[in-house]
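# Breakdown of the fold
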Number of protein chains: 2
Amino acid sequence: MSDLLIRNIRPMGGAAADLLIRDGRIAAIGAALSATGVAVEDGQGAIAIPTLVDAHTHLDKTTWGMGWYKGRKGGSLQDLIDNERNARIPLGLDVHRQSMRHALQLIANGTGHIRSHVDVDHDHKLTLLEGKLRTREALRGAVDIQIVAFPQSGLMIRPGVYDLLDEALAMGADVVGGLDPSSMDRDPKASLDAIFRLAEKHGKPIDIHLHEYGELGAFTLEEIIARTRAHGMQGKVGVSHCFCLGAPNPHRVGPLMEQVAREDIRIFTTGHPSAEVPSLQDMRAAGIKVGLGCDGIRDTWGPWGQPDMLHRARIVGMKNRMRRDDELELLLDAASRGGAEAMGIEARGLVVGAAGDLTLVAGETLAHAVVEEAPRPLVVKGGRVVARNGSLALAGITMP
Amino acid sequence: MSDLLIRNIRPMGGAAADLLIRDGRIAAIGAALSATGVAVEDGQGAIAIPTLVDAHTHLDKTTWGMGWYKGRKGGSLQDLIDNERNARIPLGLDVHRQSMRHALQLIANGTGHIRSHVDVDHDHKLTLLEGKLRTREALRGAVDIQIVAFPQSGLMIRPGVYDLLDEALAMGADVVGGLDPSSMDRDPKASLDAIFRLAEKHGKPIDIHLHEYGELGAFTLEEIIARTRAHGMQGKVGVSHCFCLGAPNPHRVGPLMEQVAREDIRIFTTGHPSAEVPSLQDMRAAGIKVGLGCDGIRDTWGPWGQPDMLHRARIVGMKNRMRRDDELELLLDAASRGGAEAMGIEARGLVVGAAGDLTLVAGETLAHAVVEEAPRPLVVKGGRVVARNGSLALAGITMP
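Rules and cut-offs
- Residues numbered from 1 in each chain as written.
- Chains lettered and ligands numbered in written order.
- Predicted model: local features only at pLDDT ≥ 70, side-chain atom pairs only at ≥ 80, totals over all residues.
- Heavy atoms only, no water.
- Helix = DSSP H or I, 4+ residues; strand = E, 2+ residues; numbered from the N terminus.
- Rg over C-alpha atoms; globule rule 2.2 N^0.38 Å.
- Buried < 20%, exposed > 50% of the residue type's maximum accessible area, 1.4 Å probe, protein only.
- Contact = heavy atoms within 4.5 Å.
- Areas by Shrake-Rupley, 256 points an atom, 1.4 Å probe, with all protein chains shown as cover.
- Lys, Arg positive; Asp, Glu negative; His and termini not counted.
- Charge placed at Lys NZ, Arg CZ, Asp CG, Glu CD.
- Buried area = accessible area lost by both parts, 1.4 Å probe.
- Salt bridge = Lys/Arg side-chain N within 4 Å of Asp/Glu carboxyl O.
- Polar contact = N/O pair within 3.5 Å; in protein donor to acceptor, adjacent residues only side chain to side chain.
- Pairing = 2+ DSSP bridges.
- Axes fitted to C-alpha atoms, helices over the stretch in contact; angles between N-to-C directions.

For the rest of this paragraph, the subject is the overall build of chain A. For chain A, the helix and strand inventory stands at 12 helices and 17 strands. Over its C-alpha trace chain A gives a radius of gyration of 21 Å, about what one expects of a compact globule, namely 21 Å for 400 residues. Seen through its principal axes, chain A has C-alpha atoms that stretch 60 × 50 × 40 Å. A burial count over chain A gives 62% of its 400 residues as buried. Here the contacts in chain A between residues at least 6 apart in sequence split such that 75% fall between residues at least 24 apart. By element, 51% of the accessible surface of chain A is carried by carbon and sulfur atoms, the whole surface being about 13600 Å². For chain A, the distance from the average position of its 45 positive side-chain charges to the average position of its 50 negative side-chain charges is 2 Å.

Another point: the interface of chain A and chain B. Each partner contributes residues to the interface: chain A has 40 residues there, and chain B has 40 residues. Summing both sides of the interface, chain A and chain B together bury roughly 3400 Å²; the carbon and sulfur share of this comes to 58%. When the buried area of chain A at its contact with chain B is split by residue, Trp68, Trp304 and Arg323 of chain A rank highest and sum to 26% of it. On inspection of chain A and its partner chain B, the count reaches 2 salt bridges. Applying the counting rule to chain A against chain B returns 12 residue pairs in polar contact (both at pLDDT 80 or more). Listing elements by their share of the side of chain A that touches chain B, those giving two or more residues are α9 (309-319), α10 (325-334) and α12 (366-372) of chain A. Looking at the side of chain A that touches chain B element by element, the count peaks at 8 residues for α9 of chain A.

Residue position: His124 of chain B is located in the loop between β7 (111-119) and α3 (127-138). His124 of chain B gets classed as buried once you look at its relative accessible area, which sits at 6%.

With that out of the way, let us pick up the environment of Phe196 of chain A. Residues and elements named next belong to chain A. When you line up the elements, Phe196 lands in helix α5 (residues 188-202). Between the alpha carbons of Phe196 and Gly177 there is a distance of 10.0 Å; along the sequence they are 19 residues apart. Filtering out sequence-adjacent residues up to four positions away, Phe196 remains in contact with Ile206, Ile224, Arg227, Thr228, His231, Met233 and Val237.

What follows is about the sheet that holds strand β11 (residues 237-241) of chain B. All names here are of chain B. Taken in spatial order, the 8 strands make up an open sheet running β6-β7-β8-β9-β10-β11-β12-β13, and their pairing is parallel. Two strands bound the open sheet, and with one partner strand each, they are β6 (52-57) and β13 (290-292). Strand-to-strand twist in this sheet, taken as the mean axis angle between neighbours without regard to direction, amounts to 25°. When β6 meets β7, the two strands line up parallel, connected through 4 bridges. Note on β7: the bridge partner recorded for Leu52 is Thr111.

Okay, the pairing of strand β15 (residues 378-381) of chain B next. All names here are of chain B. Covered by surrounding structure in β15 are Leu378 and Val380 together with Val379 and Lys381, the residues of both alternating faces. Inspection of the sheet shows strand β14 (residues 358-361) paired to β15 by 2 bridges, in the antiparallel sense. Residue pairing across strands places Leu358 opposite Val380, the latter belonging to β15. As judged from the 4 bridges shared by β15 and strand β16 (residues 384-388), these two strands associate in the antiparallel manner. When the bridges of β16 are listed, Val380 appears paired with Val385. Between β15 and β16, which pair antiparallel one after the other, the connecting turn spans 2 residues, and Gly382 there sits at a positive phi close to 55°.

Moving on, we come to the sheet that holds strand β10 (residues 206-210) of chain A. Residue and element names in this part refer to chain A. Pairing in this open sheet of 8 strands is parallel, and the strands run β6-β7-β8-β9-β10-β11-β12-β13 from one edge to the other. If you trace the sheet from one side to the other, it starts and ends with β6 (52-57) and β13 (290-292), each paired once. Averaged over all pairs of adjacent strands, the angle between their axes in this sheet comes to 25°, without regard to strand direction. With 3 bridges connecting them, strand β12 (residues 266-269) and β13 associate as parallel partners. Paired with Thr269 across the bridge in β13 is Leu292.

This is the structure we're talking about:
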């Protein structure tokens, strides 16, 4: 936790001010602040926002920085899962090295919090988690990483994975993951019961991948809502993707969103370009806390993606037909403060007393900054400068 | 038309070779070519492809390089049209300056051909066309620009616009435009008859914006197909967007695509992120010639878009769920050679005798290059170097 005085920034695009961080928290915001014995940065009039938040990614999957991977497949979700599980070892996909590369790119692009799923399966057991725990430790203080123990190859259909998840949570995973309790696990009652049992045992929150479309997804979501209520887990349950809330029927989707909001279930969306996705504007209007995420980046599943939350915000914004400045401001909030809130992190924005996590962004206004997607002039975590102009500024850490 | 020897490139990602351009056309491709009195470039082993092609854009609309425009609106298509028509003059949107900025960015990013619609309406009459004709002339030899005379505010609902389009085509517009003959013009028979009459009178091709969804769009498309057949205009008619071919019913869409292919109607798609769009793979499989386009770039309609066809290829690729290398190669072809073919331009690719238009792209393979989206190392038009490393290299022309 550090001290830092940043001169001449425009917090949230407002009037120019200085901002002082003491012991890692914002101590003062105002004109011509003075402080002795404190490092000083010149913000050159740039807009300051809370650090960006990648609330849904997979740090254990990327081929970033490796040679071009030629083996991508089409086909069903199951085909893509199998292709990845079989490709990891021949590819030499070292999870510690790759998750470092991925997370460091996110830091350089202004990200202060990451929620990353990690595959737990029979083939790799807990080795992928181990690599990611090393990365979390190596980057402590530069970025906060929440790890979701994720049964990518299934839970009920893979006896023994339950015990591996149990062990993963004991080892330090922060969140209980899940995957399509109906379409993948073929036994939604048992799958959801197992997930909520693990959450209760470890006192940890839940984040379930739900790709199921239409009525099947709505059914599974109703079961998640019911268990959240029954277990008193309001505010502790998240659903990722939740494509069923992107269905075109507002008479079905509206009441579901109301229930999601009432149980304070968090939704994590990636604005998936080729899927029906829930409307960011509608979710926020319904009072749902929403996080955005980059999802997989150039992995065995797909070639696309950039480790940059402003790049992702563009995808989400275009998908949601966001045009007006107020919509772009909502989008930027969801990619930063709002995403942290959805992840259960204190997220008060740039106010005195809040964490000293911020990034400067290039642009005339907040709306302009999100579209401009230019390198971040300065990234600060807990009062410590971690990146400048899109490049890392972390002593002792270089891009592997 | 110039002479140029480019050493050490990989045409279409194949083996390294030299490529000689004489009088603006490819004269030889092979190992260790020699030529005297010719400028020489070192390709440093980069992949060479035909220049990129933006087959659907609006050079007269962008605010690129101007201050951030805060006045964007939501609402219907009509609201967006009205907002733009009313904003042009207060904004000081000088079409010659703005179309230069837009086109020069496209050149710097490896584009050799542009098809640009230009608004023709009562308020601006032919002034926007005049600005764009100046740009076409100023950039002759650096990029080829096809201009579509486009009734953005309607044709049948705006008496007098027909005569303006007639005049625009006499002044040098290359293509007859149209806009939603049913939903906008409210009289599909009269609207399409007028468009085909203008095409016949001027001996010029057609490119109609068709946003109409579902059965309405299919109906209008059937009328376009029928007139293409009746007028013997196979290969001379294009439909832009054509969202109705993105409808989810393959039993309706499949036969329509067959008819489009049979009459050799060209489809221009932008991979619109928030609309149902026709599948690029399905259209190509049906034998339809398809061009891709950036559409509007940071204009009064929307803040998004980049003047770069690899950026647009990413949007189209993600929208179409393209993952495999062969899909990415198809995508790159549609963004270059295939787009030129759809625009009615000779498009033989990098072979001896073809136009000396090429761009180098960064990446190990064609698939990698389209995803990498890195600055183009060298852009050549008719044997003349027009850009290097993402920056213009045009004597006497600077970015306005």
